[in-house]
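Observations on chain architecture
The residues making up each chain are set out below.
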Amino acid sequence: MAKKVLFYNAKGGQGKTTLAVNYTIFSHSAFYTNEYKVGTEDLYKDKITQGKHPERFNVITKDDQKLAIADKSVFDFGGSLDGRIPAVARASDLCVIPIHYQSKAELRPLFIMLSAIAEFNKNILIVINNTESVFTDSLLEGLASETKYPIKVVRHSSFMTYLANDGLTPFELDIKGAPKKALTNIQNQLSDLFNFIQKY
Ligand SMILES: Nc1ncnc2c1ncn2[C@@H]1O[C@H](COP(=O)(O)OP(=O)(O)OP(=O)(O)O)[C@@H](O)[C@H]1O
Ligand SMILES: [Mg+2]
């Protein structure tokens, strides 16, 4: 069972925070981020702590030498590999790498980043997230031939944006008039991903 899970990609806008916060809530974990003053706290702190669990939202700054880490922890880390990321990657049971793929220009940086993380932890899960369907299949094929890591897919869905905009996870949504099939689809993809992570 994975108790400590890192969501990491050096690049922005990949879906790290969206997936990490959803997984934190799903797994009742404590959340740790290295994103300081970029809005993560404003957007998600109350959602994660529910006014009852203040210890579940934590910002790790560069100055933190030691931090009491909860038994079940989710790390949402972005940016370059400063000292915190190797330490957190080593301490994690699984490193989840979300990729919002837009073109082949991203492939080489992706492979470089994967090998950088693999130096600290080889338990890696790639998540093709929020990516146009036309690219998803060829990326799945390309990644499968170049890497041995498991791969999951979370498709683009407008239901994913409710978390930032309305503080609601896709599991909490039941929107009148919304196509039920589309909501069920994204819920199933997230359940599949989160159960895989939890059982890893
Ligand atoms: N599967 C998805 N479908 C639709 N929108 C998504 C999906 N995943 C993420 N998004 C949207 O993409 C945007 C970027 O997501 P998010 O903030 O989670 O990325 P990030 O990797 O944490 O970025 P940053 O490095 O800036 O912190 C957000 O507007 C989010 O709502
Ligand atoms: Mg983020």
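Conventions we followed
- Residues numbered from 1 in each chain as written.
- Chains lettered and ligands numbered in written order.
- Predicted model: local features only at pLDDT ≥ 70, side-chain atom pairs only at ≥ 80, totals over all residues.
- Heavy atoms only, no water.
- Axes fitted to C-alpha atoms, helices over the stretch in contact; angles between N-to-C directions.
- Helix = DSSP H or I, 4+ residues; strand = E, 2+ residues; numbered from the N terminus.
- Parallel < 35°, antiparallel > 145°, perpendicular 65-115°, else oblique.
- Left-handed = near helix turned anticlockwise from the far one by under 90°.
- Contact = heavy atoms within 4.5 Å.
- Near = heavy atom within 4 Å.
- Polar contact = N/O pair within 3.5 Å; in protein donor to acceptor, adjacent residues only side chain to side chain.
- Areas by Shrake-Rupley, 256 points an atom, 1.4 Å probe, with all protein chains shown as cover.
- Nonpolar A, V, L, I, M, F, W, Y, C, P; charged D, E, K, R; others polar.
- Pairing = 2+ DSSP bridges.
- Buried < 20%, exposed > 50% of the residue type's maximum accessible area, 1.4 Å probe, protein only.
- Core = buried A, V, L, I, M, F, W, Y, C linked by side-chain atoms within 4.5 Å.
- Salt bridge = Lys/Arg side-chain N within 4 Å of Asp/Glu carboxyl O.

Attention now moves to the packing of helix α1 (residues 16–27) against helix α7 (residues 180–199). Remark: α1 packs on α7, axes separated minimally by 11 Å, with the N-to-C direction vectors making an angle of 70°. Classified by the angle between their axes, α1 and α7 sit roughly perpendicular to one another. In terms of crossing hand, the pair formed by α1 and α7 is right-handed. Contact residues: Leu 19, Asn 22, Tyr 23, Phe 26 and Ser 27 in α1; Leu 190, Leu 193, Phe 194, Asn 195, Ile 197 and Gln 198 in α7.

Around ligand 1, the structure places 16 residues, and the nearest of them are Gly 13, Lys 16, Thr 17, Thr 18 and Glu 35. Backbone polar atom of Gly 15 to an oxygen atom of ligand 1: 3.0 Å apart, as the coordinates give it. Between ligand 1 and the protein, one listed contact pairs an oxygen atom with a side-chain N or O atom of Lys 16 at 2.8 Å. Coverage of ligand 1 by the protein amounts to 75% of the 640 Å² it exposes when considered alone. For the shell around ligand 1, the leading source of residues is α1, giving three residues. Considering only residue class, the shell around ligand 1 consists of two nonpolar, eleven polar and three charged.

Remark on secondary structure: sheet strands pair via backbone hydrogen bonds, oriented parallel or antiparallel. The strand order across the open sheet built from seven strands is β3-β2-β4-β1-β5-β6-β7, with neighbouring strands paired in parallel fashion. Pairing within the sheet leaves two strands with one partner each, and these edge strands are β3 (57–59) and β7 (151–154). The mean angle between the axes of side-by-side strands here comes to 20°, regardless of whether they run parallel or antiparallel. The pairing of strand β2 (residues 30–33) with β3 spans three bridges and is parallel. In the sheet register, Phe 31 faces β3, and the bridge partner there is Phe 57. Set on the sheet, helix α2 (residues 40–49) makes contact with β2, β3 and β4 (73–78); between it and β3 the angle comes to about 150°. Each of β1 (4–9), β5 (94–99) and β6 (124–129) is contacted by helix α4 (residues 107–118), which is oriented at about 170° to β5, the strand it contacts most.

With that out of the way, let us pick up unusual backbone geometry. One non-glycine residue, His 28, lies in positive phi territory at about 55°. Residue classification places His 28 among the exposed residues on the basis of a relative accessible area of 53%. The backbone phi angle of Asn 130 is positive, close to 55°, even though this residue is not glycine. Here Asn 130 is to be found in the loop between β6 and α5 (133–146). For Asn 130, a relative accessible area of 28% puts it in the partly exposed group.

Another point: the nonpolar core. Core analysis: the biggest nonpolar cluster contains 27 residues, and Phe 7, Leu 19, Val 96, Val 154, Leu 193 and Ile 197 have the highest contact counts within it. Breaking this core down by element, the ones donating at least two residues are β1, α1, α2, β5, β6 and α7. Ranked by residue count, the leading element in this core is α7, at six residues. Core analysis: the second largest hydrophobic core is formed by 25 residues, Phe 77, Ile 97, Tyr 101 and Ile 117 among them.

Glancing now at the pattern of salt bridges. Evaluation of the coordinates by the stated rule reveals six salt bridges. Put simply, Lys 3 and Asp 71 hold a salt bridge, and the shortest N to O gap is 3.7 Å. One end of the pair, Lys 3, is in the segment before β1; the other, Asp 71, is in the loop between β3 and β4, with 68 residues separating them in the sequence. Notably, a salt bridge pairs Asp 174 with Lys 180, separated by 3.7 Å at the nearest N-O pair. For Asp 174, a relative accessible area of 60% gives the class exposed.

These results come straight from atomic positions and should not be treated as a statement about function.
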